[in-house]
Amino acid sequence: MKIAVIGCTHAGTAAVTQMAKLYPEAQITVYERNDNVSFLSCGIALHVGGVVQDVNKLFYASPQQLMDMGVQMKLRHDVLEVHTEAKTILARNLATNEEQLDSYDKLVVTTGSWPIIPKLKGMELENILLCKNYNHAQTIIEKAKHAERITVIGAGYIGIELVEAFEQLGKQVTLIDNMDRILYKYLDREFTDATEQELQQRGIELKLAQTVTGFHGEEGHVAKVVTTAGEYETDLVVLCIGFRPNTDLLRGQIDMLPNGAIVVDEYMRTSHPDVFAAGDSCAVFYNPTHKHAYIPLATNAVRMGTLVARNLLGPTVRYMGTQGTSGIKIYEQNIASTGLTELAALDAGLDVKTVTIEDNDRPEFMPTYEKVLLKVVYEADTGRIVGAQVMSKDDLTQAINTMSVCIQNGMTMNELTFVDFFFQPHYNKPWNLLNQAGLQAM
């Protein structure tokens, strides 16, 4: 059996390592544009800020490790064409420019995503950077050494983490986003208002509810960011606008969402029986809405890649869907969310109610305790839980993993009320925070 894999970051690495173990007789060939695999891009801000000194520790697998498992690694190879009916791949060796036609029995598409790059005046100027892979990380670090004023465009997780890293390096930082608040997709206003205040107290300038329209330069380098609300001087710009699935190779050959995300079933099969897909190139089944959605997360990718290997020869282990569970640490605040925010639920057409709890995380007779903010979103008629968010200086983010399981299993607020959680004064109160949320909804 010949297996071809296109792309080898999170999903690709997970699929390849599992396939090599499950099918030792198979001929597995990996095509990867870069000269590395498995780079944890979510660690870029930690590397930029100096928390992770050795960038090599952001790789959790190496090409040599995969080759030792019998995998043929074609690094620095760009796949030019895929013909799913003929089961062929045309690839170019980027070192020699030589083109090679290969065939396969099973194709695994783990091509990931690529940053959204706007078509704006001045985009060709120097010091306008992307933030996705190893090379981007190294470029950001090198350019930031010589920049005093840094502008980050995009107030999602990556943008916020970079803003914090740059501020801690002593830079003058400006954050621009077209929404009226930060982390719009992940958190409701109760959480983002407090976080914005923290950023501003650190001297970070927030330029929200405005859209970038172009850039001005001096001597070929970016000098100003122009928006619908004004102009901001800068020495360096990092674009963190978002990502799009990298699936042009398969367009018209397999089913996709309008944005190009590949649609897979619960066994990671595409609409073509011998083509499987996983990771940021795919749409995932989103449990809160019971629909497919584009949610590019490393956690989704490694699960899906592993399932590709398990289901390659036939359906054995199904994917249980995702809640889009995620977390972030912003200065001293530990924040996590799962499922739908209240606003996202309303936008999705759900009739929802919410419970918001502000409390101390431990009994007040303890020497120390911290404030915690919890919000749970649930359907008004059924009580089905569809989302939750938490924030505290103490790390209570595992509560959101618990809520993720609740959403995945279709639990209601009434059921949440009486879930068995332990009590110990060092950690919580007799009525666990999640139990309290259920009680308030009754």
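Sequence order as written defines residue numbering, which begins from 1 separately in each chain. Residue-level local features of this predicted model are given only where pLDDT is at least 70; pairs of side-chain atoms are given and counted only at 80 or more, and the full residue set underlies all totals for whole chains, interfaces and linings. Side-chain measures here rest on the full set of heavy atoms in the structure, leaving out hydrogens and waters.

**A short note on the overall build of the protein**
Thought 1: Runs of E in the DSSP output that reach at least two residues are strands. Runs of H or I that reach at least four are helices, and both are numbered from the N terminus. Tallying secondary structure elements over the protein gives eleven helices and 25 strands in all.
Thought 2: The globule rule used for comparison is 2.2 Å times the number of residues to the exponent 0.38, while the radius of gyration itself is calculated over C-alpha atoms. Compactness check: the protein gives a C-alpha radius of gyration of 23 Å against a globular reference of 22 Å for 442 residues, within 12% of the reference.
Thought 3: Each residue is placed in one exposure class: buried if its accessible area under a 1.4 Å probe, protein chains only, is under 20% of its type's maximum, exposed if it is over 50%, and partly exposed if it falls in between. Taken over 442 residues, the protein has a buried fraction of 54%.
Thought 4: Contacts in the protein between residues far apart in sequence, at least 24 positions, make up 62% of those at least 6 positions apart.
Thought 5: About 20,100 Å² of surface is accessible on the protein, with carbon and sulfur atoms providing 49% of the total. Here, residues are in contact when the closest pair of their heavy atoms is within 4.5 Å. Here, Shrake-Rupley sampling with a 1.4 Å probe gives the accessible areas, and only protein chains in the shown set may cover a residue.

**Considering a nonpolar patch on the surface**
Thought 1: A contiguous nonpolar patch, built from Phe418, Trp431, Leu439 and Met442 and spanning about 440 Å² of accessible area, is present on the exposed surface.
Thought 2: Along the chain, Phe418 turns up in the loop between helix H10 (413-417) and helix H11 (433-441). Each patch is assembled from residues with relative accessible area greater than 30% and no salt bridge, linking like charges that lie within 9 Å and nonpolar side chains (Val, Leu, Ile, Met, Phe, Trp, Tyr) that lie within 5 Å. We count a salt bridge whenever a side-chain nitrogen from Lys or Arg sits within 4 Å of a carboxyl oxygen from Asp or Glu.

**What about the pattern of salt bridges?**
Thought 1: Taken as a whole and judged by the stated rule, the model has 26 salt bridges.
Thought 2: A salt bridge links Asp248 to Arg251; its shortest N-O distance comes to 3.3 Å.
Thought 3: Judged by its relative accessible area of 45%, Arg251 falls in the partly exposed class.
Thought 4: Each of Asp188, Glu190, Glu342 and Lys375 takes part in a single network of salt bridges with overlapping partners.

**Remarks on the sheet that holds strand E16 (residues 236-239)**
Thought 1: Being paired, for any two strands, means DSSP has found at least two bridges between them. Strand order in the open sheet made by the five strands is E9-E16-E10-E11-E12, with parallel pairing throughout. Only two strands of the sheet have a single partner each, and these edge strands are strand E9 (128-130) and strand E12 (205-207). Between one strand and the next, the sheet's axes are offset by a mean angle of 20 degrees, whatever the strand orientation.
Thought 2: Where E9 lies against E16, three bridges are found, and the strand directions are parallel. From the neighbouring strand, Leu130 faces E16, where its bridge partner is Leu239. For every element, the axis is a line fit to its C-alpha atoms; helices are fit only across the contacting stretch, and the angle between N-to-C directions ranges from 0 to 180 degrees.

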